[in-house]
Number of protein chains: 2
Amino acid sequence: MASSHHKKNQIFLGTFIHSVKLGELQYMHDMAVCVDKFGKIVAVEPQRDLENVMENVKETLCQKLAWDAHDLAVTIAKEGQFFFPGFIDTHIHAPQYPNAGIFGKSTLLDWLNKYTFPMESSLASLPKARRVYASCIRRTLAHGTTTAAYYATLHVEPTNLLADLCLAAGQRAFVGRVCMDDRDVNPAYYRDESADEALARTRAAVDHVRAIDPAFALVSPILTPRFAPSCTRECMARLGALRRSYGGGGDVEELPVQTHIAENAAELALVKAMFPECDSYADVYDRHGLLGARTVLGHAVHLTDAEISLVARRGAGVAHCPCSNSALTSGEAPVRRLLDAGVGVGLGTDVSGGYSASVLEAARQAALVSNHRAMPVGKWADVPDGERERARLSVEEVLHLATRGGAGVLGLGARVGGFDVGLEWDAQLVGLGLVAERPDVEHEYEHGHGHHGTRATDRGNVDIFGWETWEERVAKWVFGGDDRNVKKVWVRGRLVHERE
Amino acid sequence: MASSHHKKNQIFLGTFIHSVKLGELQYMHDMAVCVDKFGKIVAVEPQRDLENVMENVKETLCQKLAWDAHDLAVTIAKEGQFFFPGFIDTHIHAPQYPNAGIFGKSTLLDWLNKYTFPMESSLASLPKARRVYASCIRRTLAHGTTTAAYYATLHVEPTNLLADLCLAAGQRAFVGRVCMDDRDVNPAYYRDESADEALARTRAAVDHVRAIDPAFALVSPILTPRFAPSCTRECMARLGALRRSYGGGGDVEELPVQTHIAENAAELALVKAMFPECDSYADVYDRHGLLGARTVLGHAVHLTDAEISLVARRGAGVAHCPCSNSALTSGEAPVRRLLDAGVGVGLGTDVSGGYSASVLEAARQAALVSNHRAMPVGKWADVPDGERERARLSVEEVLHLATRGGAGVLGLGARVGGFDVGLEWDAQLVGLGLVAERPDVEHEYEHGHGHHGTRATDRGNVDIFGWETWEERVAKWVFGGDDRNVKKVWVRGRLVHERE
């Protein structure tokens, strides 16, 4: 099944909601989205007569597209359901998935040594790696994540297994073998022994992805220097050269890169001490050839204005990880300033600095954390009122970051993120729960058939009463939704997850 | 069913976890907790021989308690499950439940006028109130909330209906008719027309609860001046007098009170302008006789040291509402300072300023928000490092606030909040999901019986791999759990919710 695609042309009918630009959701009702057998959206057409929609589809759409109306798969959203672009997780550590929620009162540097390196190191075991990676992929798909930029570990075979599993599951993924060859900073039990080793292992992981998905159609390699303090200058410089010179595929001009930047105050001090010749943290990456249009910088909590300007000039993007930044007490990222400077921003769950594998949870926290930047009493006291207020991110904005924003950061803006003709069908079908007209607490006792008290329904926590506008439904989804609201998930037209 | 109790003596077997003091969870394995037919815990006994536990129970425990071993209900926690005290929500607006997640970019005062007053006003309709209240109670029970301090609306009959429904559902509750008689601040369409009317309606609501639950064994009335700006001095003074003089029941010395305090900067300014004769916001309540040992103050984000000291002297408690405070950009409450000053603190969901009816979500956000108070860069810059670090709340601390802390704030510390002999059995059975040894993504395709891709399981989002310590399991539950992990819920020994 690994390389199979949906073999039929498909039509999706119902309500479609997507971001058309930062802060603006488009609501398209009574619409048909036509997806060809290669997973590409080839038509988006209003359907006036939903009563006779199947007739209309066969008579007009198939005719127009020269499709065989008898060999067609049709998916109709039920009343109240809507299609939404699949979520894009621009920063997630698959091997740390078992540690989600476990961080105590640590902050970045002690968290790495106490929780993270021991867990990552243990994934040298292939059976353990398979168990962890398979559960992580299944969980992220269930949350509606159609694209994930994964950090793996420094081990080649387990990293290759992660790529295999993504391809098998049908999840669009970037898979990065982690480079960490600094012999002072990294623990002896978990490091590359030299820049040579880091590069050789990296090439082996890149070559594996090239062997299983030659055009990087679904799975792509990504160069992954862990972060500046864990890498030697030689390692970073050679990765920078590899980034630009990779001659693997005709259509692949540059390899993408992912790393961390300016997450935590102690980390800033460490970088400053280790790289005295560089003007800034961002300059460390820039001098080593690692800042490009396909570079994803995780966190960027504490960038200076000069660094933001440099990142913008290079066209690099930021993975904003609010769950992680709050959990590890790292700080509140200046998302509005990044956006204003023209830096692309996506969302990252950053499992397990982040406690949740859900991009919806990251979107929710992105809105809440942006409010913390806007609080007027006792903090950000020197920021003018208007600028503080502007820091707040709306529901529409965080959903943009979760879809188009992430696509842009990963260089996929021309392939996924919305429902435009020409994009690929990476989508989720979202359903919210409708409250019964008379949900009487006593009623349940009398007809409970052995149950006592209220019984659980698994339609999720969002309760729709019926009078809400579509905008309100979306807000209720963002602040109360979870994987139970994700009814189906597709990547490149292929159904990769569903729940009853 | 409304007034029935569990008619049998009960024994609960397995792992019990509860807070013994702020910051300290006790893990009791292989334990039996014996609950008599009145819902009271009468024995907590270790069980050494779990293999033959039923024999042991019958031979020793029943003999010791003089119980009939043949007329006994036994509940055994499965492997990996644990009993935890029921959650206590010290601040929730039941009529605002349909608005959960809907708040846009509003802050307190515009939020009240835009979203809240219109919704509350519409609950004059009894059928609508029944639908909203029944769904709210079912949802909070499903989240493990065994006690809720509810604000209702200013309408008497719908408020009484809320009390009826709580009693029927078996949820321990405080039900407050909201007083708001200021003719300048409150909208003409939603206010008490005079202090006389506010008091008369309040008495009617109190009398109703007295009629349906004379000893306030499960449901209690609570005096509820909305907040200082919405009440006249006369109204507050007369409520203060009623608080101390209520002669309703022999065992009820004082009526409890709930209100809001110091939530938002604009509100602070309003109070200062409206009550120039008072020394502070807290002093407004104190001068009108509303600050007592059974007073619950919602929010308390911006209290001065002098106010905290006054609140502590009066023995009043605080309902900390982190979800709401982040959503409405109100601020970051000084929880550690309150605790250090000896003020009791519980958690409130504050639906719908808060977007979630889950106390577990409030606990999670309480931890995260406490981290925001500790962030060292750009904020709280004048706070010494050590004090900032002390602001952080641990998993153990937020679970204390969610149980014993809330019980103390509501004057229930001698009745619920833990598993001590003499307390009542308000509890939840928590179960986390175990990851299969070989959760292969491809496997599912081959045996999917028509399913494509991964399938959803409804064991919730917490994935346990089996190597986690109990402390780590609890952390994973706090940061990843939801209502799916709440398998059963009891109040006073009665099973009030379960899921398959």
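Please read all numbers here as calculations on a predicted model, not as lab measurements.

Asker: Teacher, can you tell me more about the overall build of chain A here?
Answerer: Per the secondary structure count, chain A includes 16 helices and 21 strands. What you see for chain A is a C-alpha radius of gyration of 23 Å, in line with the 23 Å of a compact globule of 500 residues. Taken along the three principal axes of its C-alpha coordinates, chain A extends 70 × 55 × 50 Å. Evaluated residue by residue, chain A yields a buried proportion of 66% over its 500 residues. Within chain A, counting contacts between residues at least 6 apart in sequence, those at least 24 apart form 73% of the total. Computed over 54 positive and 64 negative side-chain charges, the inter-centroid distance for chain A is 3 Å.

Asker: Could you clarify how one ought to interpret empty space enclosed by the protein in this entry?
Answerer: Evaluated as defined, the whole model comprises 7 cavities of 30 Å³ or more. Approximately 630 Å³ is the volume attributed to the largest cavity. In terms of lining, the largest cavity is formed by 41 residues, of which the most central are A:R364, A:G481, A:D482, B:R364 and B:D482. The set of elements that each furnish at least two residues to the lining of the largest cavity consists of α12 (359-373) and α16 (470-480) of chain A together with α12 (359-374) and α16 (470-480) of chain B. Within the lining of the largest cavity, the residues separate by chemical class into 15 nonpolar, 13 polar and 13 charged.

Asker: Is there a simple way to think about the packing of helix α3 (residues 126-142) of chain A against helix α4 (residues 156-169) of chain A in this case?
Answerer: The description of two helices packed together rests on the angle between their axes and the distance between the axes. All names here are of chain A. α4 packs onto α3 with a crossing angle of 35 degrees between their chain directions and a minimal axis gap of 10 Å. α4 is crossed by α3, and the crossing has right-handed handedness. Two secondary-structure elements touch here, α3 through L126, A129, R130, Y133, A134, I137 and L141 and α4 through E157, P158, L161, L162, L165, C166 and A169.

Asker: Would you take a moment to explain the relation of the copies chain B and chain A for this structure?
Answerer: Each copy of the chain is related to the other by a rotation around an axis and a translation along that axis. Rotating chain B by 180 degrees and moving it 0.0 Å along the rotation axis overlays it on chain A with an RMSD of 0.0 Å. Seen this way, the second copy is the image of the first under a two-fold rotation axis.

Asker: What is the right way to look at the pattern of salt bridges in this model?
Answerer: Where charged atoms from two side chains of opposite charge come close, those side chains can pair. Inspection of every chain in the model, using the stated rule, returns 74 salt bridges over all chains. The closest approach of N and O atoms between B:D420 and B:R404, which form a salt bridge, is 2.7 Å. Of the two residues, B:D420 sits in the loop between α14 (395-409) and β16 (427-430) while B:R404 sits in helix α14, which places them 16 residues apart along the sequence. When its relative accessible area of 18% is taken as the criterion, B:R404 is described as buried. Where salt bridges share partners, they join A:D482, A:D483, A:R484, A:R499, B:D482, B:D483, B:R484 and B:R499 into one cluster.

Asker: How should the environment of A:L410 be read in this particular structure?
Answerer: All names here are of chain A. You can see L410 is positioned in the loop between α14 (395-409) and β16 (427-430). For the pair formed by L410 and G344, sequence separation is 66 residues and the distance between their alpha carbons is 9.5 Å. If we ignore the near neighbours within four places in the chain, the residues touching L410 are I88, T90, T147, A149, F174, R294 and V296.

Asker: Just checking my understanding: could you explain the domain arrangement of chain A for this structure?
Answerer: For an interface, size is often stated in terms of accessible area lost upon the parts coming together. Residue and element names in this part refer to chain A. You can read the domains of chain A as domain 1 (1-86 + 419-500) and domain 2 (87-409). Using C-alpha coordinates to define each centre, domain 1 is positioned 31 Å away from domain 2. Facing 35 residues of domain 1, the contacting portion of domain 2 comprises 31 residues. Carbon and sulfur atoms make up 63% of the area that domain 1 and domain 2 hide from each other, which totals about 2,700 Å². When residues of domain 1 are sorted by the area they lose upon contact with domain 2, L22, V478 and F479 head the list and together hold 23% of the total. Viewed at the interface, domain 2 and domain 1 are joined by 3 salt bridges. Between D426 and R172 there is a salt bridge whose closest N-O contact spans 2.8 Å. For the pair domain 1 and domain 2, the number of links is 9 residue pairs in polar contact (both at pLDDT 80 or more). Taken together, the elements giving at least two residues each to the side of domain 1 that touches domain 2 come down to β1 (9-21), β2 (24-35), β5 (82-85), β16, α16, β20 (486-491) and β21 (494-498).

Asker: Sorry if this is basic, but what is going on with the packing of aromatic side chains here?
Answerer: Applying the stated criterion across every chain, the model contains 44 aromatic pairs over all chains. Aromatic rings pair up to connect A:F12, A:F16, A:F83, A:F419, A:W425 and A:W490 into one cluster. Over the ring of A:W467 we find B:K128; its NZ or CZ atom is 4.3 Å from the centre of that ring. The lysine or arginine in question, B:R473, covers the ring of B:W470, its NZ or CZ lying 5.5 Å from the ring centre.

Asker: I tried to follow the interface of chain B and chain A on my own but got confused; where do I start?
Answerer: Counting residues at the interface gives 96 residues for chain B and 96 residues for chain A. Here chain B and chain A share an interface that buries about 8,100 Å² over both sides, 55% of which is from carbon and sulfur atoms. The interface formed by chain B and chain A contains 10 salt bridges. In this structure, the salt-bridge partner of A:D463 is B:R139, at a minimum N-O distance of 2.7 Å. Between the two partners, chain B and chain A, sit 33 residue pairs in polar contact (both at pLDDT 80 or more). A total of 10 residues in the side of chain B that touches chain A trace back to one element, the largest contributor, which is helix α3 (residues 126-142) of chain B. In terms of residue class, the side of chain B that touches chain A is made up of 38 nonpolar, 27 polar and 31 charged.

Asker: How do you make sense of the environment of A:A414 when you look at a structure like this?
Answerer: Residues and elements named next belong to chain A. Structurally, A414 can be placed in the loop between α14 and β16. With a relative accessible area of 65%, A414 lands in the exposed category. Separated by 68 residues in sequence, A414 and D482 have C-alpha atoms that sit 28 Å apart. In this view, A414 contacts G422 and L423; residues no more than four positions away in its chain are not counted.

Asker: I would appreciate a short explanation of the packing of α4(A) against helix α5 (residues 195-212) of chain A in the present structure.
Answerer: Residue and element names in this part refer to chain A. The contact between α4 and α5 brings their axes to 10 Å, and the two run at 25 degrees. The orientation of α4 relative to α5 falls into the category roughly parallel. Crossing geometry of α4 relative to α5 is assigned as right-handed. Here V156, T159, N160, A163, D164 and L167 of α4 lie close against α5, whose contacting residues are R201, A204, A205, H208, V209 and I212. For the contact of α4 with α5, the per-class residue count stands at 7 nonpolar, 3 polar and 2 charged.

Asker: Where do I start with α3(B) in this structure?
Answerer: Along an α-helix, residues three or four positions apart point the same way, because every turn accommodates 3.6 residues. Residue and element names in this part refer to chain B. When the terminal C-alpha atoms of α3 are compared, their 24 Å separation across 17 residues agrees well with the 24 Å that a helix rising 1.5 Å per residue should span. Where burial is concerned, most of α3 is hidden: 13 out of the 17 residues are buried. Remark: G144 follows α3 within two positions and exhibits a positive phi of approximately 90 degrees.

Asker: Even after reading the chapter, I still don't get the pairing of β1(A), so can you show me in this structure?
Answerer: Here is the key point about a regular strand: its side chains alternate between the two faces of the sheet. All names here are of chain A. Counted residue by residue, β1 has 11 buried out of 13 residues, so it is predominantly covered. Sheet topology places β1 next to strand β4 (residues 72-76); 5 bridges connect them, and they run parallel. For Q10, the partnering residue across the bridge sits in β4 and is A73. The sheet contact formed by β1 and β2 spans 10 bridges and is antiparallel. Within β2, the position partnered with I17 by the bridge is Y27. The antiparallel hairpin formed by β1 and β2 contains 2 residues in its connecting segment, where G23 sits at a positive phi of about 95 degrees.

Asker: What's the story with the side chain of B:D482 in this structure? I'm lost.
Answerer: Tracing the backbone through its elements, the reader meets B:D482 in the loop between α16 and β20 (486-491). Accessibility expressed as a relative area gives 11% for B:D482, which makes it buried. At a separation of 2.7 Å, a polar atom in the side chain of B:D482 contacts the side chain of B:R484. Not counting chain neighbours up to four residues away, the residues in contact with B:D482 comprise A:D482, A:R484, B:L360 and B:N461.

Cut-offs and rules
- Residues numbered from 1 in each chain as written.
- Chains lettered and ligands numbered in written order.
- Predicted model: local features only at pLDDT ≥ 70, side-chain atom pairs only at ≥ 80, totals over all residues.
- Heavy atoms only, no water.
- Helix = DSSP H or I, 4+ residues; strand = E, 2+ residues; numbered from the N terminus.
- Rg over C-alpha atoms; globule rule 2.2 N^0.38 Å.
- Buried < 20%, exposed > 50% of the residue type's maximum accessible area, 1.4 Å probe, protein only.
- Contact = heavy atoms within 4.5 Å.
- Lys, Arg positive; Asp, Glu negative; His and termini not counted.
- Charge placed at Lys NZ, Arg CZ, Asp CG, Glu CD.
- 1 Å grid on protein atoms, 1.4 Å probe; cavity = no way out; pocket = protein on both sides within 12 Å on 5 of 7 lines; lining within 4 Å.
- Points joined across faces, edges and corners; volume = space filled by probe spheres on them.
- Nonpolar A, V, L, I, M, F, W, Y, C, P; charged D, E, K, R; others polar.
- Axes fitted to C-alpha atoms, helices over the stretch in contact; angles between N-to-C directions.
- Left-handed = near helix turned anticlockwise from the far one by under 90°.
- Least-squares fit on C-alpha atoms with pLDDT ≥ 70 in both.
- Salt bridge = Lys/Arg side-chain N within 4 Å of Asp/Glu carboxyl O.
- Domains from an automatic or database assignment.
- Buried area = accessible area lost by both parts, 1.4 Å probe.
- Polar contact = N/O pair within 3.5 Å; in protein donor to acceptor, adjacent residues only side chain to side chain.
- Phe/Tyr/Trp six-rings, centres within 6.5 Å; stacked < 30°, edge-to-face > 60°.
- Lys NZ or Arg CZ within 6 Å of the ring centre and 35° of its normal.
- Parallel < 35°, antiparallel > 145°, perpendicular 65-115°, else oblique.
- Expected span 1.5 Å × (residues − 1).
- Pairing = 2+ DSSP bridges.

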